[in-house]
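Below are the chains, spelled out letter by letter.
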Amino acid sequence: MLTLSIFRENKDKVIRGLHKKHVKNPEEIVEQVLLLDRQRRSLQAERDETQNQMNALSKEIGNLMKSGNVEEAEKAKMRSSSLKEKVKELTEQTENLEQELTQLLYTIPNLPHESVPEGQSAEDNVIVQEGGTIPSLPENALAHWDLAHQYNILDFELGNKVTGAGFPFYKGKGAKLVRALINFFLEEAEKAGYTEIQAPHIVNETSGYGTGQLPDKEGQMYKIHQTDLYLIPTAEVPLTNMYRDIILEEKDFPIKLAGYTPCFRAEAGSWGAHVRGLNRLHQFDKVEIVRIERPENSYDVLEEMCAHVQSLLEKLELPYRRIKLCGGDISFNAALCYDFEVFSAGQKKWLEVSSVSNFESFQANRLKLRYRTKEGKIQLAHTLNGSALAIPRVLSALLENNQTPHGILIPKVLQPYCRFDKID
RNA sequence: GGAGAGAUGCCUGAGUGGUUAAAGGAGCAGUUUGCUAAACUGUCACCGGUGUAAGCUGGUGCAUGGGUUCGAAUCCCAUUCUCUCCGCCA
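Residues numbered from 1 in each chain as written. Chains lettered and ligands numbered in written order. Predicted model: local features only at pLDDT ≥ 70, side-chain atom pairs only at ≥ 80, totals over all residues. Heavy atoms only, no water.

A. Quick peek at the overall build of chain A. For chain A, the count of helices and strands is 13 helices and 18 strands. For chain A, the spread of C-alpha atoms along the principal axes amounts to about 100 × 45 × 45 Å. Residues counted as buried form 51% of the 424 residues belonging to chain A. Considering only contacts within chain A whose residues lie at least 6 apart along the sequence, 73% involve residues at least 24 apart. As presented, chain A carries roughly 20700 Å² of accessible surface, and 48% of it is formed by carbon and sulfur atoms. (Helix = DSSP H or I, 4+ residues; strand = E, 2+ residues; numbered from the N terminus. Buried < 20%, exposed > 50% of the residue type's maximum accessible area, 1.4 Å probe, protein only. Contact = heavy atoms within 4.5 Å. Areas by Shrake-Rupley, 256 points an atom, 1.4 Å probe, with all protein chains shown as cover.)

What follows is the structure, encoded as structure tokens:
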């Protein structure tokens, strides 16, 4: 959620940012926010004034009672009743306006960083970096869903039977490879200074609002029947909400968290050939890294996180590219976002395996996540997160790119974790 | 699941309807000091008003949400959580 102060202090910046994000009628939205804000403040001033009179009168009644002047006290009570009505009415109005304002703010996305390119859709995203080599496979190279069948390491039909589409089984070396990837990613994060966290896989509604999944992406999360709880769509939600309602001190920085969790996505999206196999699932495994930082550092930290993701992809010897999302494609919450994609040579497609974002103070404002500066001022912190990495699509690329007539070769760096060098 | 007790600021903790989030401690800042220690002073958060600002000032918050009352940390109702005992249990 954007802060009110940015609307008051720099509404042109807000309008420009919302235009870049292809929001309709930003001018109208901004004026509406400012109007509600003005109304709320003047109403509150009136309410506070009336409440003040009320408090003074109560005090007076107390004194009269004490001195035994019951008659005067009763008269004062009569006077207070109309004040009481007025306070009640004004409070109600103020609260209504405040709620209306908050609801409106919830619908307004974050402002893109000035370096975010203009653009409508994924077509306008900018490739900022490429690495690794795309393997040249023979014509008859297989996609991972066929390889999975051939080597009996993944079973989609079984998932359909036991749960439903989008919930595959990993078997034998397939299962071990998943576990190896999780361990590899967690240990790399640890080496980079991240604290490992085992977080709950279920969160409450407040946490959903805190990181911005609610109300914007209600449909993406599985809600648990007859409760206000949700299955997490990413570890970002529990990890970042650890710091909800917290005022940090200078000495608490840097905050670097890493967590492995399964991720659950209801994904009311399309189904078909382009989401076959592991490409899009209702449940998948992911290691997530989260940073909480002072504003002046957050963009350096974003680069640091990208460098970490990049090193993982290089160690896994995967062909990858880093993409800067354009204004129209960047998520609701993010100010700047890089996607990392790997090339999966069997299906000849680029697959997104990581998304690294700086939310600036957008989440922190909802979370009430603040810190005290050296000067003693309290201000909003910046939050960042990134996948490091999402397992199924990495697995897809590993299986497809490393297939040979004699089996699928496992990259060196993973061998100590899975303790085999080939799937055959 | 049953019975009981409880929830007050960063921590400890007083407060059973009438000025006040007492008091102490920690941390931080300032003053003093050759340095250190000590001492002294200040220091909860949020929303407003006023002011260029320092500041001055109103309101709110004692787990959460309601209620009673002129007035609620205090009384009533509901909810959540914590602790103790019992039961059950990976």
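Moving on from the model shown.
B. Structural detail: the side chain of Arg 366. Following the sequence through the fold, Arg 366 ends up in helix H11 (residues 362-367). The residues touching Arg 366, leaving out its near neighbours within four places in the chain, are Met 1, Tyr 106, Tyr 209, Gly 210, Gly 212, Leu 214, Pro 215 and Phe 332.

C. Structural view of the pairing of strand S11 (residues 336-344). Burial runs high along S11: nine of the nine residues are buried. Of the two faces of S11, the one holding Leu 336, Tyr 338, Phe 340, Val 342 and Ser 344 and the one holding Cys 337, Asp 339, Glu 341 and Phe 343 are both buried throughout. As paired elements, strand S10 (residues 320-324) and S11 share five bridges and run antiparallel to each other. If you follow Arg 321 over to S11, its bridge partner there is Glu 341. Examined bridge by bridge, S11 and strand S12 (residues 349-360) share nine bridges and lie antiparallel to one another. In the strand pairing of S12, Glu 341 is matched with Glu 352. What sits between the antiparallel neighbours S11 and S12 is a turn of four residues, in which Lys 348 has the positive phi angle 50°. (Pairing = 2+ DSSP bridges.)

D. Structural view of the protein's contact with RNA strand B. As a matter of local geometry, RNA strand B sits amid 21 residues, with Gln 44, Arg 47, Asp 48, Ser 58 and Arg 370 nearest to it. Backbone atoms, meaning sugar plus phosphate, form 76% of the atoms of RNA strand B positioned within 4 Å of the protein. Taking Asn 52, its side chain carries an N or O atom lying 2.9 Å from a phosphate oxygen of RNA strand B. Within the side chain of Arg 370, one N or O atom sits 2.9 Å away from a phosphate oxygen of RNA strand B. Contributions of two or more residues to the surface near RNA strand B are made by helix H3 (26-66), helix H4 (70-106) and strand S13 (369-372). Broken down by element, the surface near RNA strand B gets its largest block of residues, 14 residues, from H3. (Near = heavy atom within 4 Å. Polar contact = N/O pair within 3.5 Å; in protein donor to acceptor, adjacent residues only side chain to side chain.)

E. Summary view of the packing of aromatic side chains. Following the criterion strictly, the structure yields six aromatic pairs and no others. Ring centres of Phe 184 and Phe 185 lie 5.6 Å apart, and the angle between their planes is 45°; on these two criteria the pair is classed as tilted. Between the aromatic rings of Phe 332 and Phe 362, the centroid separation amounts to 5.9 Å while the plane-to-plane angle is 75°, which identifies the pairing as edge-to-face. Pair noted here: Phe 332 is in the loop between S10 and S11 and Phe 362 is in helix H11, with a separation of 30 residues, a long-range link. Take Phe 332 and Phe 362: they sit in the same class, and that class is buried. Through successive ring pairs, a cluster of aromatic residues spans Phe 184, Phe 185 and Tyr 417. (Phe/Tyr/Trp six-rings, centres within 6.5 Å; stacked < 30°, edge-to-face > 60°.)

These results come straight from atomic positions and should not be treated as a statement about function.
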